[in-house]
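# Close look at the chain arrangement
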Amino acid sequence: MTKENRPNPMKEFLEKFFDLCKDYQQEIPPHKMAEVLRDYAERLDGL
């Protein structure tokens with residue numbers, strides 16, 4: 001597989017992540033999603 005044809009993992013992750021957020025934005029307020037992401041980032045910092 002050439003370099004140009006390889007999937008970009010970060011781009012793929014972000015596309016999936018934003019799709020997931022869009023799917024749930026009617027049920028979960030954006031500030032709650034942000035809170036979960038902050039909690040997750042804090043856990044990663046503790047590793």
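Heads up: the structure comes first, above all this text.
The following refers to the structure shown. (Residues numbered from 1 in each chain as written. Predicted model: local features only at pLDDT ≥ 70, side-chain atom pairs only at ≥ 80, totals over all residues. Heavy atoms only, no water.)

## Looking at the packing of aromatic side chains
For any two aromatic rings, the description comes down to two numbers: the centre-to-centre distance and the angle of the planes. For clarity, the cut-off: Classification of ring pairs rests on two measures: the distance between centres of Phe, Tyr or Trp rings, Trp counted by its six-membered ring, which must be within 6.5 Å, and the angle between planes, read as stacked under 30 degrees, edge-to-face over 60 and tilted in between. Labels follow the DSSP assignment, with helices taken as runs of H or I lasting at least four residues and strands as runs of E lasting at least two, numbered in each case from the N terminus. Any residue under 20% of the maximum accessible area for its type is buried, any over 50% is exposed, and the rest in between are partly exposed; the area is computed with a 1.4 Å probe on protein chains only.
Scanning all chains against the criterion turns up two aromatic pairs. Between the aromatic rings of F13 and F17, the centroid separation amounts to 6.0 Å while the plane-to-plane angle is 15°, which identifies the pairing as stacked. Placement of both F13 and F17 in helix α1 (residues 9–24) is noted, with a separation of four residues, approximately one turn of the helix. Note on F17: relative accessible area 22%, which makes it partly exposed.

## Describing the pattern of salt bridges
Going by this rule: Definition used for salt bridges: Asp or Glu carboxyl oxygen within 4 Å of a side-chain nitrogen of Lys or Arg.
Counted according to the given criterion, the structure contains three salt bridges. For K11, the salt bridge is made with E15, and the minimal N-O distance between the two is 3.9 Å. Here the residue K11 and the residue E15 both occupy positions in helix α1, the gap between them amounting to four residues, near one helical turn. For K11, a relative accessible area of 52% gives the class exposed. Where K16 meets E12, a salt bridge forms, and the shortest distance between an N and an O atom there is 3.2 Å. Of the two residues, K16 and E12 are both situated in helix α1; the distance of four residues between them amounts to about one turn of the helix. Of the residues examined, E12 reaches a relative accessible area of 37% and is grouped as partly exposed.

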